[in-house]
There are 2 protein chains.
Amino acid sequence: MKYSIGIDIGGTNTVLGLVNSQGSILQTNKISTTAYNDFDAYMEAICLNILDLCKQKNIEEILGVGIGAPNGNYYRGVIDRAPNLKYKGVLEVKRVLEEKLRQHNASLEVRLDNDANAAAMGEKIYGKARGVKNFIMITLGTGLGSGVVVEDKLVYGHTGFAGEVGHTIIEENGRLCNCGRKGCVERYCSVSGFTLTAKEKLKGSSQPSILRNYNEEEITGALIYESALKGDELALSCYDYTAKMLAIALANATAITSPEKIFIFGGLSKSGNLLLDPLKEYFETYLFDVFKGSVSIELSGLKDDSAAILGAAALMF
Amino acid sequence: MKYSIGIDIGGTNTVLGLVNSQGSILQTNKISTTAYNDFDAYMEAICLNILDLCKQKNIEEILGVGIGAPNGNYYRGVIDRAPNLKYKGVLEVKRVLEEKLRQHNASLEVRLDNDANAAAMGEKIYGKARGVKNFIMITLGTGLGSGVVVEDKLVYGHTGFAGEVGHTIIEENGRLCNCGRKGCVERYCSVSGFTLTAKEKLKGSSQPSILRNYNEEEITGALIYESALKGDELALSCYDYTAKMLAIALANATAITSPEKIFIFGGLSKSGNLLLDPLKEYFETYLFDVFKGSVSIELSGLKDDSAAILGAAALMF
């Protein structure tokens, strides 16, 4: 049996897991991402936790370390100016970590990628994308991440940053995005975009809704979900609008790479058919003729709590 | 020296050329696409012309036959319901032509692709894309064709139809496209989209313009071009609008595959800097941060009159 260390770097916590090639997680260690004085101290803590996980097995059985991180760049092995991380600028994760591991007599290869690409690899190795050569992974969290796989390979492109479906523009002069531009898909089709839709609908109409019993800051994805389950029309219309915008974005992405499957993962995907049903319907409407019937949209086969670790570990398999 | 037969299938004419590996066209034959009773007779005519071109060389020196055609599908070797062709339905070009060639004792491989993909391969083998691993070829003719190259390979995807930038939607409920949907890039950024923009501007305003001296059916891309050269503001604003819409579409395509270069080819590209200058400016504006400065937009390095033949021939190199 071969093993890999998967690491999920988040703004708050960093979780490390020892994973086998069949997708079982044998042990996880969690550290605070923010508790260290500087990037070097943070890397040292990660290094020591990797060594701790390695203790369980012979080092020869461990293929290496895969890391999923916001703004991770596979080509350069760096985290490139991630807005939500304590450590700023361009972080040389691969170089620093490999060096530290060598100093501890553990010459492991480190591969770094952004979290959505890692999720795509997780889907490929352990999830529903096994045997699927062309697919797109969409993660609907705070933002919209995506990993695009063509002929069994993640598309990195010239910069290593390819696969940014979330930052395709679907409405000129639309909602202002955190990236400074207007009308990015991410501002409509993510948990934050979804709640923004609800707030706009509440302000822009007098339609009755359970959501009117709450203050603006109390409107969350979970609350809209619960309201929709109770049949709240305004909440349901938020799903409809989100599905429509996502359908256009996915139809456009399909026109570029013609996937066989598109997997939906992350916060918003937990709404299940509330999102999926209208999404599939709009998608077929917006799809260019030659692709109709050739693409299926499915919920991810990865479990929420293990997907990030599995995806990161999958970078080494 | 190795040779290849390149064939450009158009709605009106079919041109065949004998091309060497350095991109010199040694001989071309032209036949009418429409002059034959049925598809089989048309294929027979193509077969005989291939044999005629082969006479110049030993058959062993000829690598095969590359064909660029509207709705050509590389995987299946068929032309799939091309609206502008006399012969309807799914045309088994590769199978029928290889069989006919075998019957004439010329066992040549036939590769078929759509014309924009062929143009991309032409750019790669003979044009400015030599050594460029990630690029997008855009052909601005009656429609908008595109070929997307990732890591030196054309992206075909699950269906073989990937790379349809022209049928990404940039304006929901926008202009009605020939494909039946609304807001496709092709309806804005092609020769026909460009003239439609001029007609809309003429109808929707009272802005003075040289173009007002002509009937609606006389408004062509060439006329708008000449008017713009004379400083006609309305004609210039057509370039500005076309450039803006194309910039959004190219910024979106860049977000998916992160090309190093984008090449512009075909009718509208002959306008040169009238289109290219505003296009580059809008493109940098609409580009997601991480891609800024990483992509250059250039005019194709292929000559108009030989590009289709070279592109088709390049499919065999």
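In the block above lies the structure referred to throughout.
Just so we're clear, the structure is a prediction, and the values are computed from it rather than from any experiment.

Student: Just checking my understanding: could you explain helix α3 (residues 115-126) of chain B for this structure?
Tutor: Three- or four-residue spacings in an α-helix give side chains the same orientation, since the helix completes a turn every 3.6 residues. All names here are of chain B. The terminal C-alpha atoms of α3 lie 16 Å apart, and with 12 residues this matches the ideal 16 Å at 1.5 Å per residue to within 8%. Taken together, the buried positions of α3 are occupied by Ala116, Asn117, Ala118, Ala119, Ala120, Met121, Gly122, Glu123, Lys124 and Tyr126. Among the residues of α3, the N-terminal cap falls to Asn114, whose side-chain oxygen and the backbone nitrogen of Ala116 are separated by 2.9 Å.

Student: Any chance you could explain the interface of chain B and chain A here in plain terms?
Tutor: Note on interface size: it is often stated as the accessible area lost on association of the parts. Taken together, the contacts link 38 residues of chain B with 38 residues of chain A. Per-residue buried area on chain B facing chain A is highest for His158, Ile256 and Phe288 of chain B; these three make up 20% of the total on that side. Linking chain B with chain A are two salt bridges, by the criterion used here. The partner of Glu172 of chain B in a salt bridge is Lys244 of chain A, with the nearest N and O atoms 2.8 Å apart. Along the contact surface separating chain B from chain A lie 18 residue pairs in polar contact (both at pLDDT 80 or more). Within the residue set of the side of chain B that touches chain A, elements represented by two or more residues are β10 (144-150), α6 (233-257) and α7 (273-286) of chain B. The element contributing the most residues to the side of chain B that touches chain A is α6 of chain B, with seven residues.

Student: Quick question: what am I supposed to make of the relation of the copies chain B and chain A here?
Tutor: Each of the two copies of the chain can be brought onto the other by a rotation about an axis and a shift along it. Relative to chain A, chain B is turned by 180° and slid 0.0 Å along the rotation axis, the superposed coordinates differing by an RMSD of 0.0 Å. Given the turn and translation reported, the copies of this chain are related as if by a two-fold rotation axis. For chain B, the smallest separation between a C-alpha atom and the rotation axis is recorded for Ile170 of chain B, amounting to 3.0 Å. Mapped onto chain A, 100% of the interface residues of chain B are again interface residues, and the two copies thus contact each other with one and the same surface.

Student: I would appreciate a short explanation of the sheet that holds strand β5 (residues 72-73) of chain B in the present structure.
Tutor: Sheets are built from strands that pair by backbone hydrogen bonding, the pairs being arranged parallel or antiparallel. Residues and elements named next belong to chain B. Spatially, three strands are ordered β5-β6-β7 in an open sheet, and the strand pairing comes out antiparallel. This sheet does not close on itself; its edge strands, each paired only once, are β5 and β7 (90-91). Here strand β6 (residues 78-80) pairs with β7 via two bridges, running antiparallel. Following the sheet pairing, Asp80 is matched in β7 by Val90.

Student: Could you clarify how one ought to interpret the packing of helix α1 (residues 39-54) of chain B against helix α2 (residues 93-103) of chain B in this entry?
Tutor: Packed helices, taken two at a time, are described by their axes: the angle between them and the distance between them. Residue and element names in this part refer to chain B. At their nearest, the axes of α1 and α2 sit 9 Å apart, and the two run at 55° to each other. Viewed along their axes, α1 and α2 adopt a mutual orientation that is oblique. Here α1 runs over α2; the crossing is right-handed. Between α1 and α2, the residues in contact are Phe39, Asp40, Met43, Glu44, Ile46, Cys47, Ile50 and Leu51 and Val93, Val96, Leu97, Lys100 and Leu101, respectively.

Student: Help me understand empty space enclosed by the protein, please; the structure alone is not making it clear to me.
Tutor: Space left empty within the atom packing is revealed by a probe, the size of a water molecule, rolled over the atoms. Scanning the model with the defined rule gives one cavity of 30 Å³ or more in all. Here the largest cavity defines a volume of roughly 100 Å³. Lining the largest cavity are Val165, Thr168, Ala249, Asn252, Ala253 and Ile256 of chain A together with Thr168, Ala249, Asn252, Ala253 and Ile256 of chain B. Every element with two or more residues in the lining of the largest cavity is listed here: α6 (233-257) of chain A together with α6 of chain B. A class-by-class count of the residues in the lining of the largest cavity yields seven nonpolar, four polar and no charged.

Student: How should the sheet that holds strand β12 (residues 261-265) of chain B be read in this particular structure?
Tutor: Residues and elements named next belong to chain B. Read from one edge to the other, the open sheet built from five strands follows the order β11-β10-β9-β12-β13, with strand pairing classed as mixed. With partners counted over all chains shown, the strands left at the sheet margins are β11 (153-154) and β13 (296-299), one partner each. Most of the contacts of α6 go to strand β9 (residues 135-140), to which it runs at about 155°, and overall it touches β9, β10, β12 and β13.

Student: Quick question: what am I supposed to make of helix α1 (residues 39-54) of chain A here?
Tutor: All names here are of chain A. Its 16 residues place the ends of α1 22 Å apart at the C-alpha level, agreeing with the 22 Å of an ideal helix rising 1.5 Å per residue. Looking only at α1, the buried set comprises Phe39, Tyr42, Met43, Ala45, Ile46, Cys47, Asn49, Ile50, Leu51, Leu53 and Cys54. Next to the buried residues of α1 lie β1 (3-9), β2 (13-20), β3 (25-32), β4 (62-69), β7 (90-91) and α2 (93-103).

Student: Is there a simple way to think about the pairing of strand β8 (residues 110-114) of chain A in this case?
Tutor: Residues in a regular strand project their side chains so that they alternate between the two faces of the sheet. All names here are of chain A. By the criterion of burial, β8 is predominantly enclosed, with four of the five residues buried. In this structure, β4 lies alongside β8, joined through five bridges in parallel fashion. Its bridge partner lying in β8, Ala69 is registered against Asn114.

Student: Which parts of the structure should I look at to understand the packing of α6 of chain B against α7 of chain B?
Tutor: Residues and elements named next belong to chain B. At a closest axis distance of 7 Å, the pairing of α6 and α7 adopts a crossing angle of 45°. In terms of axis orientation, α6 runs oblique to α7. Judged by the sense of rotation from one axis to the other, the crossing of α6 with α7 is right-handed. Contact residues: Leu236, Tyr239, Asp240, Thr242, Ala243, Lys244, Leu246, Ala247, Ile248, Leu250, Ala251 and Thr254 in α6; Leu274, Leu275, Pro278, Leu279, Tyr282, Phe283 and Tyr286 in α7. Class assignment of the residues belonging to the contact of α6 with α7 gives a composition of 15 nonpolar, two polar and two charged.

Student: Would you mind showing me how to read the pattern of salt bridges here?
Tutor: Where charged atoms of side chains with opposite charge meet at close range, the side chains can pair. All names here are of chain A. Tallied over the entire structure, the rule returns 32 salt bridges over all chains. Arg76 is paired through a salt bridge with Asp80; the nearest N and O atoms lie 3.1 Å apart. With a relative accessible area of 40%, Arg76 lands in the partly exposed category. Residue Asp80 is classed as buried on the basis of its relative accessible area of 5%. Counted as one network, the salt bridges with shared partners bring together Asp40, Glu44 and Lys100.

Student: Just to check I follow, could you spell out the pairing of strand β10 (residues 144-150) of chain A for this structure?
Tutor: All names here are of chain A. Burial within β10 is extensive, with seven of its seven residues counted as buried. Here β10 shows a buried face lined by Leu144, Ser146, Val148 and Val150 and a second buried face lined by Gly145, Gly147 and Val149. Relative to β10, strand β9 (residues 135-140) is paired through six bridges, and the arrangement is antiparallel. The residue bridging Thr139 from the neighbouring strand is Gly145, located in β10. The loop that links β9 with its antiparallel partner β10 comprises three residues. Across two bridges, β10 lies against strand β11 (residues 153-154) in antiparallel orientation. Within β11, the position partnered with Val149 by the bridge is Leu154. If you look at the hairpin formed by β10 and β11, you'll find two residues sitting between the two strands, and Glu151 has a positive phi there, around 50°.

Parameters and conventions
- Residues numbered from 1 in each chain as written.
- Chains lettered and ligands numbered in written order.
- Predicted model: local features only at pLDDT ≥ 70, side-chain atom pairs only at ≥ 80, totals over all residues.
- Heavy atoms only, no water.
- Helix = DSSP H or I, 4+ residues; strand = E, 2+ residues; numbered from the N terminus.
- Expected span 1.5 Å × (residues − 1).
- Buried < 20%, exposed > 50% of the residue type's maximum accessible area, 1.4 Å probe, protein only.
- Polar contact = N/O pair within 3.5 Å; in protein donor to acceptor, adjacent residues only side chain to side chain.
- Contact = heavy atoms within 4.5 Å.
- Buried area = accessible area lost by both parts, 1.4 Å probe.
- Salt bridge = Lys/Arg side-chain N within 4 Å of Asp/Glu carboxyl O.
- Least-squares fit on C-alpha atoms with pLDDT ≥ 70 in both.
- Pairing = 2+ DSSP bridges.
- Axes fitted to C-alpha atoms, helices over the stretch in contact; angles between N-to-C directions.
- Parallel < 35°, antiparallel > 145°, perpendicular 65-115°, else oblique.
- Left-handed = near helix turned anticlockwise from the far one by under 90°.
- 1 Å grid on protein atoms, 1.4 Å probe; cavity = no way out; pocket = protein on both sides within 12 Å on 5 of 7 lines; lining within 4 Å.
- Points joined across faces, edges and corners; volume = space filled by probe spheres on them.
- Nonpolar A, V, L, I, M, F, W, Y, C, P; charged D, E, K, R; others polar.

Everything listed here is a matter of geometry and, on its own, says nothing about what the molecule does.
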